[in-house]
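# Architecture at a glance
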Amino acid sequence: MPRPRKKRHRREVNRVPRGEAGLPEYDRSTVPEGLVTRRQLRDMQLSPGDNDGPVAILRCKLCTTRPQWSCTHPTRGFLLRVDLAVPKRVPTLAQERALDQAMAARQTCGQCRRRFYICPSRRPGCADRPRRTGPAAGQGRPSGPGRQRPARSPQRGSRA
């Protein structure tokens, strides 16, 4: 006897009319001059500075087809004012030296004291040794010209 189907509850859609959303919303091609996203600020070597929060919303690609609804998707962008942004802080020489020392400590092997460009794992053992990947990693198939191929079993219908 088949089991009865469970009723699927539809997810409630949170639709807000565009005028009641609070912040003005712009599609991707209609953003006025002076408003940019955080990523664009970062590309201009600026930080948000005195911006107390977003002043507008950059609508996602899906919501451009629904102009009457406010965009509530997580992919929407928040726009900040460029005139309130300040230049990024530049670290002092002492701060850069401290960061270099911290990275040197992370990139140095604990046993052989060699420094690598990648951070070695925290497992015991030198980072220079090859790691075993499986239970029989060291007992793999031999390679090279002296390797023996296993005997093939005859297939059905083949000529002998």
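Residues numbered from 1 in each chain as written. Predicted model: local features only at pLDDT ≥ 70, side-chain atom pairs only at ≥ 80, totals over all residues. Heavy atoms only, no water.

### Considerations on the overall build of the chain
Broken down by element type, the chain carries 2 helices and 6 strands. Along the chain, helices and strands appear, N-terminal first, in the series β-β-α-β-β-β-β-α. The proportion of buried residues among the 160 residues of the chain is 15%. Counting contacts in the chain only where the partners sit at least 6 residues apart, residues at least 24 apart contribute 57% of the total. Summing over all exposed atoms, the chain offers an accessible surface of approximately 14900 Å²; the carbon and sulfur share of this is 51%. (Helix = DSSP H or I, 4+ residues; strand = E, 2+ residues; numbered from the N terminus. Buried < 20%, exposed > 50% of the residue type's maximum accessible area, 1.4 Å probe, protein only. Contact = heavy atoms within 4.5 Å. Areas by Shrake-Rupley, 256 points an atom, 1.4 Å probe, with all protein chains shown as cover.)

### Observations regarding the pattern of salt bridges
Applying the stated rule across the entire model yields 3 salt bridges. Asp27 is the salt-bridge partner of Arg59, the closest N and O atoms lying 3.0 Å from each other. Taken together, the positions of Arg59 in the loop between strand S4 (56-58) and strand S5 (77-81) and Asp27 in the loop between strand S1 (25-26) and strand S2 (35-36) put the pair 32 residues apart, joining distant regions of the chain. Salt-bridge contacts for Arg81 lead to Asp83; the nearest nitrogen and oxygen are separated by 2.8 Å. Judged by relative accessible area, which is 32%, Arg81 ranks as partly exposed. Through salt bridges with shared partners, one network takes in Glu25, Asp27 and Arg59. (Salt bridge = Lys/Arg side-chain N within 4 Å of Asp/Glu carboxyl O.)

### As for the state of the cysteines
Overall, the coordinates contain 0 disulfides when judged by the stated rule. With no disulfide of its own, Cys60 lies closest to Cys63 among cysteine sulfurs, the gap being 3.6 Å. (Disulfide = S-S within 2.5 Å.)

### As for unusual backbone geometry
Unusually for a residue other than glycine, Gln45 sits at a positive phi of about 60 degrees. Position of Gln45 among the secondary structure elements: in the loop between helix H1 (38-43) and strand S3 (46-47). Of note, the phi angle at Arg113 is positive, near 60 degrees, even though the residue is not glycine. Locating Arg113 in the fold gives a position in the segment after helix H2 (93-107).

### Regarding the nonpolar core
Counting residues in each nonpolar core, the largest one holds 5 residues, listed as Val36, Leu41, Leu46, Leu80 and Ala85. Apart from residues no more than four positions distant in its own chain, Val36 is found in contact with Leu41, Met44, Phe78, Leu79, Leu80 and Val82. (Core = buried A, V, L, I, M, F, W, Y, C linked by side-chain atoms within 4.5 Å.)

### Quick notes on the pairing of S5
Relative to S5, S2 is paired through 2 bridges, and the arrangement is antiparallel. In the strand pairing of S5, Val36 is matched with Leu80. Taken together, the 3 bridges between S4 and S5 define a ladder with antiparallel strand orientation. Along S5, the bridge assignment pairs Ile57 with Phe78. (Pairing = 2+ DSSP bridges.)

### A short note on the sheet that holds S1
Read from one edge to the other, the open sheet built from 4 strands follows the order S1-S4-S5-S2, with strand pairing classed as mixed. The open sheet has two free edges, formed respectively by S1 and S2, since each of these has just one partner strand.

### Some thoughts on the side chain of Thr37
Relative to the helices and strands, Thr37 is located in the loop between S2 and H1. Given a relative accessible area of 16%, Thr37 falls into the buried group. Residues in contact with Thr37, not counting those within four places in the same chain, are Leu58, Phe78 and Leu79.

### Comments concerning the side chain of Arg59
For Arg59, a relative accessible area of 0% gives the class buried. A polar contact of 2.7 Å, which involves the side chain of Arg59, links it to the side chain of Glu25. (Polar contact = N/O pair within 3.5 Å; in protein donor to acceptor, adjacent residues only side chain to side chain.)

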